[in-house]
Amino acid sequence: MSSNTLGRHLVACLLNISEARRKDLVETVARAALYNTEGVKREGTTVLNIFNDYDYNRSVITIVACVDSIREAVLSACVKACGLIDMSAHTGVHPCLGAVDLIPIYPLGEEVGVEHCAQEARAVAQGLTERVQGASAFLFGWADSRLQRGLAQRRKEMGWFKKTPDMKAVRPDVGPQPQKRYGLTGVGASPYVMNCNVTIDTQDISVGRSIATAIRESTPGGLPGVQVLALPHEGTVEIACNVESVKGDPPCHLAAEPWPSFTIDGQKYCHPPASLITARVAELAGRQGVGLKGTALVGFTPHECRSLAEFALSQGIAEFWKEQRRIRM
């Protein structure tokens, strides 16, 4: 199968796990997505990137595979993570509920539709609770078949944003009442969500929160698709953005530069570019006499993700995160 033909059937999972300080453990989880228990490599599967953050104690593992292969790859990684991470001993400044905190599935190829991704997400949630006795999950996006509630709404309902969530009050969609060791996992499917973190040169969290409020999608004049938190980070404040893709074209007053766009089931989606988010944060921070330290993407844009996956798979590179810096320099 040519890389272009293969690309038409690809999906990505940006697996979020609640561990970053033991990098060998994180890589063990990543390799579990790539090799079966006998050490045999899974065909058509690659891990493009591993993003670790010590302060957050959180890692994001970018797994890409054909839609028919993604379930086993993701489930194997999740089972390994649940066996190695104990949420009762977890510390970190980033909100989280589960050892495996988030399993989002995003279509990358033209031949992958909404319903197929939703089915795979629901199957992953069910499989996780069957393979890990005591694991539980909530559903979001297309996988939340009745209401299709977004991730931010579901997290709020589950208490994800609270410093000390009341797990006894949580009602999972799949599995038993959450247990301390495994916590609760969010599983869903949606158009691609880019993660963009902008660091401002201050330790004043109130400055960060005011900026986060101003750029949040729900605020009048905010940026479409942007869900955001302000978090203390390495002696500064990080404006941590989930950049959700939105339907249609960008608003005219925000389209001075092109917005990355793609199509799913004939519907056009786009998302604000990182440069726009950075410029808006810089403007708001500058009004308060605060400068910028920098911007980091957690992983890739949708087009980068597909392009790199096609290359990695065509070359048979499973552990692409080890090759990425050399290839992209």
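These lines cover the structure that appears in this document, whether it is placed above or below. (Residues numbered from 1 in each chain as written. Predicted model: local features only at pLDDT ≥ 70, side-chain atom pairs only at ≥ 80, totals over all residues. Heavy atoms only, no water.)

Right, let's get into the sheet that holds strand S6 (residues 185–189). The strand order across the open sheet built from six strands is S2-S3-S1-S4-S6-S5, with neighbouring strands paired in mixed fashion. With partners counted over all chains shown, the strands left at the sheet margins are strand S2 (45–53) and strand S5 (137–141), one partner each. Direction aside, the axes of adjacent strands within the sheet are offset by 15 degrees on average. Of the strand pairs in this sheet, strand S4 (residues 100–107) and S6 are connected by four bridges, and their pairing is parallel. By the bridge assignment, Ile-105 is partnered in S6 with Ala-189. Contacts from helix H2 (residues 23–34) reach strand S1 (10–17), S2 and strand S3 (58–66), with the element oriented near 160 degrees to S2. (Pairing = 2+ DSSP bridges. Helix = DSSP H or I, 4+ residues; strand = E, 2+ residues; numbered from the N terminus. Axes fitted to C-alpha atoms, helices over the stretch in contact; angles between N-to-C directions. Contact = heavy atoms within 4.5 Å.)

This part is about the nonpolar core. Core analysis: the biggest nonpolar cluster contains 74 residues, and Leu-15, Ile-17, Leu-48, Ile-61, Ile-63 and Ile-103 have the highest contact counts within it. If you tally residues by element for this core, the top one is helix H3 (residues 70–84), at eight residues. In this structure, this core is formed jointly by two domains, domain 1 (2–190 + 302–328) and domain 2 (193–298), each of which donates at least three residues. Setting aside anything within four residues of it in sequence, one finds Ile-17 in contact with Val-26, Val-29, Asn-57, Arg-58, Ser-59, Ile-61, Ala-81, Ile-85, Ala-99, Val-100 and Asp-101. (Core = buried A, V, L, I, M, F, W, Y, C linked by side-chain atoms within 4.5 Å. Buried < 20%, exposed > 50% of the residue type's maximum accessible area, 1.4 Å probe, protein only. Domains from an automatic or database assignment.)

One open sheet accounts for four strands, arranged S8-S9-S7-S13; its pairing is antiparallel. Each end of this open sheet is capped by a strand with a single partner; those strands are strand S8 (226–233) and strand S13 (292–297). Taking the axes of each pair of neighbouring strands and ignoring which way they run, one obtains an average angle of 20 degrees across the sheet. Here five bridges tie strand S7 (residues 193–200) to S13, and the two strands are oriented antiparallel to one another. Each bridged residue has a counterpart across the sheet, and for Thr-199 the counterpart in S13 is Gly-294. Contacting S7, S8 and strand S9 (236–244), helix H6 (residues 205–215) runs over the sheet at an angle of about 170 degrees to S8.

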